[in-house]
Amino acid sequence: MPIMDGLEATKAIRKLERPDAKTIPIIAMSAYACDEDIHKSLEAGMNDHIAKPVDPEKLYDSLVQQIISKDKQNAWNFSQVC
């Protein structure tokens, strides 16, 4: 099995024929945090990009945004995993 990086894995997940594949939150955590890297993450289908070392408050804020966001066109429902 070939090794995938996070960008390839995200693209593969988003292409799955499962209803949650398009909406499940995917957050990049990478030491690479220049604008180009963030753009690549978002372009691949990730919902956010957090730089390492991870700031717990930024991670928490991102998770909260992804879980409770009802205004997004493809809002993810936290009850799907509970």
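Model, not experiment: these values are computed from the prediction. (Residues numbered from 1 in each chain as written. Predicted model: local features only at pLDDT ≥ 70, side-chain atom pairs only at ≥ 80, totals over all residues. Heavy atoms only, no water.)

## Regarding the overall build of the protein
From N to C terminus, the protein includes three helices and two strands. Seen in sequence order, the protein has helices and strands lined up from the N terminus as α-β-α-β-α. Per-residue burial over the protein gives 22% buried out of 82 residues. (Helix = DSSP H or I, 4+ residues; strand = E, 2+ residues; numbered from the N terminus. Buried < 20%, exposed > 50% of the residue type's maximum accessible area, 1.4 Å probe, protein only.)

## Observations regarding the pattern of salt bridges
Once the charged atoms of two side chains with opposite charge are near each other, the side chains can pair. One pass over the full model with this rule turns up two salt bridges. Put simply, aspartate 20 and arginine 18 hold a salt bridge, and the shortest N to O gap is 2.7 Å. Linking lysine 40 and glutamate 36 is a salt bridge whose minimum nitrogen-to-oxygen distance equals 3.5 Å. With lysine 40 and glutamate 36 both in helix α2 (residues 35-44), this residue pair falls four residues apart, about one helical turn. Looking at lysine 40, the relative accessible area reads 38%, which means it is partly exposed. Its relative accessible area of 49% is what places glutamate 36 among the partly exposed residues. (Salt bridge = Lys/Arg side-chain N within 4 Å of Asp/Glu carboxyl O.)

## Description of the side chain of threonine 10
Following the sequence through the fold, threonine 10 ends up in helix α1 (residues 6-15). We classify threonine 10 as buried; its relative accessible area is 2%. Residues in contact with threonine 10, not counting those within four places in the same chain, are Ile26, Ala44, Gly45 and Met46. (Contact = heavy atoms within 4.5 Å.)

## Some words on α2
Taken residue by residue, α2 has Asp37, Ser41 and Ala44 as its buried positions. Down the axis of α2, the smallest arc covering the buried residues is 70 degrees, so these residues share one side. Along α2, the residues that are exposed and aim more than 90 degrees away from the buried face are Asp35 and Glu43. The inward-facing, buried residues of α2 contact α1, β1 (27-30) and β2 (48-51). Of the residues trailing α2, glycine 45 is marked for its positive phi of about 115 degrees. (Arc of directions from axis to C-beta.)

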